[in-house]
Amino acid sequence: MSKKHGKHHRGQKQADGVTESADLHGSGRPSTASWAGGVAETAPEVLGAHPQVPIRAAPGIVMVEPGARFDLGAVETDADGGLDKGWAKDALAQERERIVALQERLYAERTRSLLLVFQAIDTGGKDGTIRSVLKGVNPQGCTVTSFKVPSSDELDHDFLWRYHAQTPGRGLIGVFNRSHYEDVLVVRVKGLVPDVVWQSRYGRINDFERLLTESGTTILKFFLHISKAEQKKRLEARIADPEKHWKFDPADLVERKSWDAYQQAFADALTRCSTPDAPWLVVPADHKWFRNYVIARTVADTLEAMDPRFPEAPKGIGELTVPD
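Note on numbering: residues in each chain are counted from 1, in written sequence order. pLDDT decides what is reported in this predicted model: residues at 70 or higher carry local features, side-chain atom pairs at 80 or more are listed and counted, and totals for whole chains, interfaces and linings draw on all residues regardless. As a convention, hydrogens and water are excluded, and side-chain values are obtained from all of the structure's heavy atoms.

Further remarks concern the overall build of the protein. Runs of H or I in DSSP of at least four residues are treated as helices and runs of E of at least two as strands, each being numbered from the N terminus. Along the backbone of the protein there are 13 helices and 6 strands. The buried share of the protein, reckoned over its 324 residues, is 49%. Expressed as a percentage of contacts within the protein between residues at least 6 apart in sequence, the contacts between residues at least 24 apart total 86%. Surface exposure of the protein reaches about 15,600 Å², of which carbon and sulfur atoms provide 51%. Note on classification: 1.4 Å probe, protein chains only; a residue is buried when its accessible area is under 20% of the maximum for its type, exposed when over 50%, partly exposed between these limits. A contact between two residues is defined here by any heavy atoms of the two lying within 4.5 Å. Under the convention used here, a 1.4 Å probe and the Shrake-Rupley method define accessible areas, while residue burial counts only the protein chains that appear.

Below, the discussion takes up helix α13 (residues 288-306). What a helix should span is 1.5 Å times the count of its residues minus one. Helix length check: α13 (19 residues) gives 27 Å between terminal C-alpha atoms against 27 Å at 1.5 Å per residue, within 8%. The buried fraction of α13 is high, at 15 of 19 residues. Following α13 by one or two positions, D307 has its phi on the positive side, about 55 degrees.

So, on to the pattern of salt bridges. Salt bridges are defined as contacts in which a side-chain nitrogen from Lys or Arg sits within 4 Å of a carboxyl oxygen from Asp or Glu. One pass over the full model with this rule turns up 19 salt bridges. Among the ionic pairs, R98 bridges to E304, the shortest N-O distance being 3.3 Å. Pair noted here: R98 is in helix α4 (residues 85-109) and E304 is in helix α13, with a separation of 206 residues, a long-range link. Exposure remark for E304: the relative accessible area of 41% places this residue in the partly exposed category. When the shortest N-O distance is used, the salt bridge between R105 and D307 registers 3.3 Å. Taken together, the residues span a long stretch of sequence, with R105 in helix α4 and D307 in the segment after α13 at a distance of 202 residues. For R105, a relative accessible area of 25% corresponds to the partly exposed category. Connected through salt bridges with shared partners, the residues R56, E95, R98, R297, D301 and E304 form a single ionic network.

Here we come to the nonpolar core. By size, the foremost hydrophobic cluster in this structure holds 75 residues, and its most contacted members are I99, L116, L134, F222, I295, V299 and L303. In this structure, L116 is in contact with L134, I173, G174, V175, F176, L220, F222 and V299, ignoring residues within four places of it in sequence. Residues enter a nonpolar core if they are buried and are Ala, Val, Leu, Ile, Met, Phe, Trp, Tyr or Cys, with the set joined through side-chain atoms within 4.5 Å.

As a further point, take the environment of D207. Positionally, D207 belongs in helix α9 (residues 195-214). Taking relative accessible area as the criterion, D207 reaches 4% and is therefore assigned buried. Pairs of N or O atoms are called polar contacts if they sit within 3.5 Å, as long as, within protein, a hydrogen donor faces a hydrogen acceptor (for residues adjacent in sequence, only side-chain-to-side-chain pairs). Side-chain polar atoms of D207 contact the side chain of R210, separated by 2.6 Å.

The predictor's confidence in any single residue is recorded as pLDDT, a number from 0 to 100. Considering every residue of the protein, the mean pLDDT works out to 87; 85% of them sit at 70 or more. Every residue in residues 1-45 scores below 50 in pLDDT, and together they form 94 contacts with partners more than four places removed in sequence or on other chains.

Laid out in structure tokens, this is it:
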């Protein structure tokens, strides 16, 4: 993490609604129905009406088991599933074609949405993954939001406010390049809010994601897992290439000193926020070609499980003729 996140979350202690008796594990929080408030009253046919879509993680991706302690250090960052690099690149093209076709059906159906969440340490490959996996997707049906330093307006609201405003509408694929998890990662490592504040956020994040899934948004959360040695290699490559200098932030070298603290923060977030509604998917990401292929396949397989369909056309269209 770097200065891209800056000093933020002033005054969040009260905005989060944390009290001295806050339950750090989430019990006692408002139920999804009460948290949804007016949504349940104005659209009862939407909230809770959508069946859960099975998340189909491609072989090589590690799905974090909900409710179990997760050992991030046990996941090999350089795993490649025994795949051939050339084969994987060809297969990636095929998965892109599947995504493009299924995205068109999702957009036409316009009843549900898909949210892709990407988290990683600096140089983890979020930008490259998004660019590679979604190549060819109709921009009208896809939104990408990168969350950086919160604005003063965002800081005057609860910590989830700015994220909820960017969730995808019906028919869309939404992408979070960094996400609501920054509020239990960078703020924790940098000490930007008291411990009791960020500790209480795990449960609120789970509530937020459950609300989205019950309202028809399928969530795929990818953690791009690279080694410390691979990060060093990528940082050095940016320094060596003048055309990559714009991507290099000297603060990344300072943040690198907090590697262990970030790894622990990531491990806790993966453990506490991998749920049946939205499980975490850990992607070995030292090999970019492997990372791109398994993520593309997972997105395509999940869209296929959603089974979006073109709406039924009015009768008789096939019999119409266009006048001269």
